[in-house]
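For reference, the chains in residue letters:
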Amino acid sequence: MIAWILVGGRLMDSPLLQALPRPALVVAADGGARHAALLTMWGLGAPVDAWVGDFDSSAGVFVDAPREVHPAAKDETDAELAIRVARERGATELVLLGAFGGRFDHALALALLAVRLTERDGLRVTLTSGDEWGWPLTAASPLSLAVAPGATLSVLALSDLRGLSLGGVRWPLTDADIPLGSGWTVSNEVQGGPVTASLRGGHALLTALPTLPD
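All of the points below concern the structure found in this document. (Residues numbered from 1 in each chain as written. Predicted model: local features only at pLDDT ≥ 70, side-chain atom pairs only at ≥ 80, totals over all residues. Heavy atoms only, no water.)

Direction vectors running N to C along helix H3 (residues 78–88) and helix H4 (residues 104–121) enclose 30°, while the axes themselves pass 11 Å from each other. On the basis of the axis angle, H3 is roughly parallel to H4. Between H3 and H4 the crossing geometry is right-handed. Residues Ala79, Glu80, Ile83 and Arg87 of H3 touch H4, and the partners they reach there are Leu110, Leu113, Arg116, Leu117 and Asp121. Looking at side-chain class alone, the contact of H3 with H4 contains 5 nonpolar, no polar and 4 charged residues. (Axes fitted to C-alpha atoms, helices over the stretch in contact; angles between N-to-C directions. Helix = DSSP H or I, 4+ residues; strand = E, 2+ residues; numbered from the N terminus. Parallel < 35°, antiparallel > 145°, perpendicular 65-115°, else oblique. Left-handed = near helix turned anticlockwise from the far one by under 90°. Contact = heavy atoms within 4.5 Å. Nonpolar A, V, L, I, M, F, W, Y, C, P; charged D, E, K, R; others polar.)

Right, here's the structure in full:
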């Protein structure tokens, strides 16, 4: 079951966003609820099923959805709380809308959480702001993605990587070992056909910056 989690970064309309499979569940994390109006305006509207958080960043936002209010002094971010609600309601695939372009600490925490959910819990997770996309890559979760030619594609090594293979790009790789934080796999270019990526060991985030129409 697909759940959309609305979080607090930026969100832009794009062809890839329009192509997303529609969700069975939508959960807003505090100020991420403001994206509900944009999604409706872009023809992607789906009712918000739950609105979760401490509500310290949602002034002026109104969404007709049940609220789950938590104290500001808590051990989880609002996004984590929203993800927990989605999983408790049966979600097996998560799309985090508004994942980039906000606070760096929140964006990085979301990326690392996405990797953990993919590796430890077997969930499929997509991070997006419409104009920027990310997918966790682990040994147990190879990727095959439809990304338009010309998009900038990077594999961010969140640990030492063993046996990275990458296809459908200008500079493909076969069974390459990449050190933690290496720039070797930053700013590749999608050539056409599916982008494929796999690892024998380690953790990475594959990101894409599609070329958007003016």
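From this point on, the discussion continues.
One broad trend across soluble globular proteins is that nonpolar side chains are buried collectively. Core analysis: the biggest nonpolar cluster contains 45 residues, and Trp4, Leu97, Leu166 and Leu206 have the highest contact counts within it. Excluding anything up to four places from it in sequence, Trp4 contacts Leu20, Pro21, Arg22, Pro23, Leu25, Val26, Val27, Leu39, Leu44, Val95 and Leu97. Core analysis: the second largest hydrophobic core is formed by 28 residues, Val7, Ala29, Leu81 and Val85 among them. (Core = buried A, V, L, I, M, F, W, Y, C linked by side-chain atoms within 4.5 Å. Buried < 20%, exposed > 50% of the residue type's maximum accessible area, 1.4 Å probe, protein only.)

Now for the sheet that holds strand S8 (residues 143–145). Where strands meet in a sheet, backbone hydrogen bonds hold them as pairs that are either parallel or antiparallel. Spatial ordering of the open sheet is given by S8-S13-S10-S11, a layout of 4 strands whose pairing is antiparallel. Looking at strand neighbours, the two that pair on one side only are S8 and strand S11 (173–178), the edges of this open sheet. This sheet shows a mean twist of 20° between the axes of neighbouring strands, independent of strand direction. (Pairing = 2+ DSSP bridges.)

Shape descriptors only; they carry no functional weight alone.
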